[in-house]
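Residue strings, one per chain:
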Amino acid sequence: MANNKIIQHVYIVGSKGIPANYGGFETFVEKLTAGQKNKQIKYHVASRSDNSEEAAKQRRFEHNGADVFSIDVPNIGSAQAIAYDYKALKKAIEISKQNQDRHPIFYVLANRIGPFASHFAKKIHALGGDFYLNPDGHEWARAKWPKPVRKYWKYSEKKMVVAADLIIADNPEIEKYINKEYAVFHPNTTYIAYGTDLQKSKLTIKDKKVRDWFTQKKIIENNYFLVVGRFVPENNYETMIREFMASRTKKNFVLVTNVEKNKFYEQLKQRTHFDRDPRVKFVGTVYDQELLKYIRENAFAYFHGHEVGGTNPSLLEALSMTRLNMLIDVPFNRAVAKEGAMYWNKSLGNLADQINQTETYDEKRIADYTKMARQRVTDEFTWESIIAKYEELFVS
């Protein structure tokens, strides 16, 4: 294929695919392909099929100019994600071979297939290609996984890091960790952040869907602390709820999260009795992105309790939309927000005191935090700048 001389083929494996379903990696791939400027690059994206008839018709299709190829995966519980990445990378290598690509890049998102990494690296190198890795956050530290699964994640991470030609960290602290933890293997690393959207919500205070939601949930604009995210122990919901309940604020604590059939929710209810505090409001999930933006923009403050991630998408959204952000004090969060946020720790009374303090803040003090947070996002986390960095990397 004569045309291949000038085209850089990039195969992306590890997201559920595009069009995006609002996961972090899915949104990244959606934005990367939709915002593509450099026409020298041809993206190929693995997509997880749901085995429906509709999906069967769409084995291969174009989206945002990218070649999307579907992968069927049997439902085998928690091993499903490993099977998906394995089959997707195998298929990507086959497609690249058929195309006779020159110097293809295979970019794998997350450390799921470590035991097979060196096997795949050999096949990629035989094609004259490169194996890139995004290690994501510290998956092995997540409390939701039982011990054997955590052990697997740590082992898998090591194998992936050793096999990869380049490791792209989305947080400077992850890059530092990889270089320190695996120094003996001399990993080749770089840092390219995750991006976020700076557009304000198109909705206003008068829109029917806004008024319906706020009325139904018995919430008033600028009169609530907010959290948006998965309801899992390592996001520190217990600390945030306990400390909020211990504070003197008259404002509400609004939790936008899915707690249906969630064991952790029942455990927390027994431990904290949050159901007896009318200020604590679990409002379910909000899938309407414009409404969610409006809810973020009109919160008094945002709590962020994630402590085992890299650059967390919901943190970037909060920094770009919410006026005052209160983050758990871990290096990942400091690396992202710097002076644009307040920081709390898990010691008894620390967050409660800070909540009480915010009640005394004047408009200028809050505006200063808002300005610094927006500046951080504008300087380092716009999708335009992230896409430009990736394109430069891929064609260099």
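Each remark here, short or long, concerns the structure printed above.
Below or above, wherever it landed, is the structure these notes cover.

Quick notes on the rules
Residues numbered from 1 in each chain as written. Predicted model: local features only at pLDDT ≥ 70, side-chain atom pairs only at ≥ 80, totals over all residues. Heavy atoms only, no water. Patch = residues over 30% accessible without salt bridge, like charges linked within 9 Å, V, L, I, M, F, W, Y side chains within 5 Å. Areas by Shrake-Rupley, 256 points an atom, 1.4 Å probe, with all protein chains shown as cover. Salt bridge = Lys/Arg side-chain N within 4 Å of Asp/Glu carboxyl O. Lys, Arg positive; Asp, Glu negative; His and termini not counted. Charge placed at Lys NZ, Arg CZ, Asp CG, Glu CD. Helix = DSSP H or I, 4+ residues; strand = E, 2+ residues; numbered from the N terminus. Buried < 20%, exposed > 50% of the residue type's maximum accessible area, 1.4 Å probe, protein only. Polar contact = N/O pair within 3.5 Å; in protein donor to acceptor, adjacent residues only side chain to side chain. Contact = heavy atoms within 4.5 Å.

**Looking at a positive patch on the surface**
Right, on to step 1. Taken together, Lys 87, Lys 90, Lys 97 and Lys 123 make up a surface patch of like positive charges.
Right, on to step 2. Its location among the elements puts Lys 90 in helix α3 (residues 80-99).

**With respect to unusual backbone geometry**
Right, on to step 1. Here the amide bond leading from Ile 18 into Pro 19 is cis, since omega sits at -5°, within 30 degrees of zero.
Right, on to step 2. Within the secondary structure, Pro 19 sits in the loop between β1 (8-13) and α1 (24-34).
Right, on to step 3. With phi around 55°, Lys 218 is a residue other than glycine that occupies positive phi space.
Right, on to step 4. Within the element layout of this structure, Lys 218 appears in the loop between α7 (208-217) and β9 (224-228).
Right, on to step 5. Residue class for Lys 218 comes out exposed when judged on its relative accessible area of 65%.
Right, on to step 6. A positive phi angle is found at Lys 338, which is not glycine, with a value near 50°.
Right, on to step 7. Among the structural elements, Lys 338 can be located in the loop between α12 (331-337) and β14 (342-344).

**Topic: the side chain of Arg 279**
Right, on to step 1. Locating Arg 279 in the fold gives a position in the loop between α9 (263-272) and β11 (280-282).
Right, on to step 2. In terms of polar contacts, Arg 279 uses its side chain to reach the side chain of Asp 277, at 2.8 Å.

**Comments concerning the environment of Phe 303**
Right, on to step 1. Mapped onto the elements of the fold, Phe 303 is located in strand β12 (residues 301-304).
Right, on to step 2. Looking at Phe 303, the relative accessible area reads 0%, which means it is buried.
Right, on to step 3. Sequence spacing of Phe 303 and Ala 110 is 193 residues, and the spatial spacing of their C-alpha atoms is 26 Å.
Right, on to step 4. Ignoring anything within four residues of it in the chain, the contact list for Phe 303 reads Phe 225, Leu 226, Val 227, Met 240, Phe 244, Phe 253, Met 326, Leu 351 and Ile 355.

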